[in-house]
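Listed below are the residues making up each chain.
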Amino acid sequence: MLNPDDPEVYLKAGLALCRSHHFKEAQTCFEQALSLDATHCKAHLHLGQLKDCLGDPEEAEKHYQHIYTLQPQDSKVHQELAMHYGVKENWKRSVEHLEILITLEPEIAEYHWFTAQAYHKQNILKPAEYHYKKAIQLYKEDLKNSPAHASFIIYGNLGYAYEAFNELSTALYYWQLAIELDPDNDHVYELYYRMGCAI
């Protein structure tokens, strides 16, 4: 039996309504979840995302800041916010959360890779170069210590990192490895395109 005093009930209902494009009803559900628990980070996150979709970025930002205030050391919070700002191409705000992620978990290659990308998008080259190099180092260490971790994403990201340094032969090498490992990947044609540009 569903508990009407459980914010999770309204959160799940709101997500289901979003998937069926009933956004106003979803907003009501997220707001109801927050009325039951004003510290519910996922409710703030999804309501913020919904407000963005509905054209109210200022209200959305209030919910994102609530999340940060409530859980400033939660890496998942910063992952979500970095991704959110990246999708909106607000690279400055994305970097803020990526840098916090790196402070919290400095040995995760993907954080450095995405941080390098975000700096590169702003044409801020020195920190971009640092984080590309750090991503390359960490990816290679991971592949050396755990060869089974090899993936399309790791090889693809290594290729993009080397491309940033104009080391095109090395970029081509890693992109080829990515394609050989997972030729049916949804992003394989992006690599073929980059390979064509690099030749």
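Presented here is a report on the structure given in the accompanying data block. (Residues numbered from 1 in each chain as written. Predicted model: local features only at pLDDT ≥ 70, side-chain atom pairs only at ≥ 80, totals over all residues. Heavy atoms only, no water.)

## Some details on the packing of helix 4 (residues 57-70) against helix 5 (residues 75-87)
And then number 1: Close contact between helix 4 and helix 5 brings their axes to 10 Å; oriented N to C, the two are set at 155 degrees. Between helix 4 and helix 5, the angle is such that the two are roughly antiparallel. The interaxial crossing formed by helix 4 with helix 5 has left-handed handedness. Along the contact surface, helix 4 presents Glu61, Tyr64, Gln65, Ile67 and Tyr68, while helix 5 presents Val77, His78, Leu81, His84 and Tyr85.
And then number 2: For the contact of helix 4 with helix 5, the per-class residue count stands at 6 nonpolar, 3 polar and 1 charged. (Axes fitted to C-alpha atoms, helices over the stretch in contact; angles between N-to-C directions. Helix = DSSP H or I, 4+ residues; strand = E, 2+ residues; numbered from the N terminus. Parallel < 35°, antiparallel > 145°, perpendicular 65-115°, else oblique. Left-handed = near helix turned anticlockwise from the far one by under 90°. Contact = heavy atoms within 4.5 Å. Nonpolar A, V, L, I, M, F, W, Y, C, P; charged D, E, K, R; others polar.)

## Points about the environment of Glu80
And then number 1: Among the secondary structure elements, Glu80 is positioned in helix 5.
And then number 2: Taking relative accessible area as the criterion, Glu80 reaches 33% and is therefore assigned partly exposed.
And then number 3: Among all residues touching Glu80, those that are not within four sequence positions of it are Leu45 and Gln49. (Buried < 20%, exposed > 50% of the residue type's maximum accessible area, 1.4 Å probe, protein only.)

## Comments concerning the packing of aromatic side chains
And then number 1: Here the structure, examined in full by the defined rule, presents 9 aromatic pairs.
And then number 2: Between Trp113 and Phe114 the ring centres are 5.1 Å apart and the planes differ by 80 degrees, which places this aromatic pair in the edge-to-face class.
And then number 3: Seen in terms of ring centroids, Tyr162 and Tyr174 are 5.8 Å apart; in terms of plane orientation they differ by 5 degrees. Their pairing is stacked. One end of the pair, Tyr162, is in helix 9 (residues 152-164); the other, Tyr174, is in helix 10 (residues 168-181), and 12 residues separate them in sequence.
And then number 4: Here Tyr162 falls in the buried class, since its relative accessible area comes to 9%. (Phe/Tyr/Trp six-rings, centres within 6.5 Å; stacked < 30°, edge-to-face > 60°.)

## Remarks on helix 4
And then number 1: Its 14 residues give helix 4 an end-to-end C-alpha distance of 20 Å, which sits within 8% of 20 Å, the value for a rise of 1.5 Å per residue.
And then number 2: Taken together, the buried positions of helix 4 are occupied by Ala60, His63, Tyr64 and Ile67. Buried residues in helix 4, looked at end-on, bunch into an arc of 100 degrees, giving them a common side. Exposed residues lying more than 90 degrees from the buried face of helix 4 are Glu58, Lys62 and Thr69. (Expected span 1.5 Å × (residues − 1). Arc of directions from axis to C-beta.)

## Overview of unusual backbone geometry
And then number 1: In this structure, Glu89 takes a positive phi of about 60 degrees despite not being glycine.
And then number 2: The residue Glu89 is located in the loop between helix 5 and helix 6 (91-104) in this model.
And then number 3: By relative accessible area, which is 59% here, Glu89 ends up exposed.
And then number 4: The phi torsion at Asn123 lies on the positive side, around 60 degrees, for a residue other than glycine.
And then number 5: Counting through the fold element by element, Asn123 comes out in the loop between helix 7 (109-121) and helix 8 (125-145).

## Describing the pattern of salt bridges
And then number 1: In total, this model carries 6 salt bridges according to the counting rule given.
And then number 2: Of the charged contacts, one joins Lys88 and Asp52 as a salt bridge, the two residues approaching to 3.5 Å between their closest N and O atoms. In this pair, Lys88 is assigned in the loop between helix 5 and helix 6 and Asp52 in helix 3 (residues 41-53), connecting sequence segments 36 residues apart.
And then number 3: A relative accessible area of 46% means that Lys88 is categorised as partly exposed.
And then number 4: Relative accessible area serves as the criterion here: at 16%, Asp52 is assigned to the buried category.
And then number 5: Among the salt bridges present, the one from Arg93 reaches Glu61, with a minimum N-O distance of 3.0 Å. Placement of the pair is Arg93 in helix 6 and Glu61 in helix 4, with a sequence separation of 32 residues.
And then number 6: Judged by relative accessible area, which is 22%, Glu61 ranks as partly exposed.
And then number 7: Beyond isolated ion pairs, a larger network of salt bridges with shared partners links Glu61, Arg93 and Glu96. (Salt bridge = Lys/Arg side-chain N within 4 Å of Asp/Glu carboxyl O.)

Without other data, these values stay purely geometric and don't point to any function.
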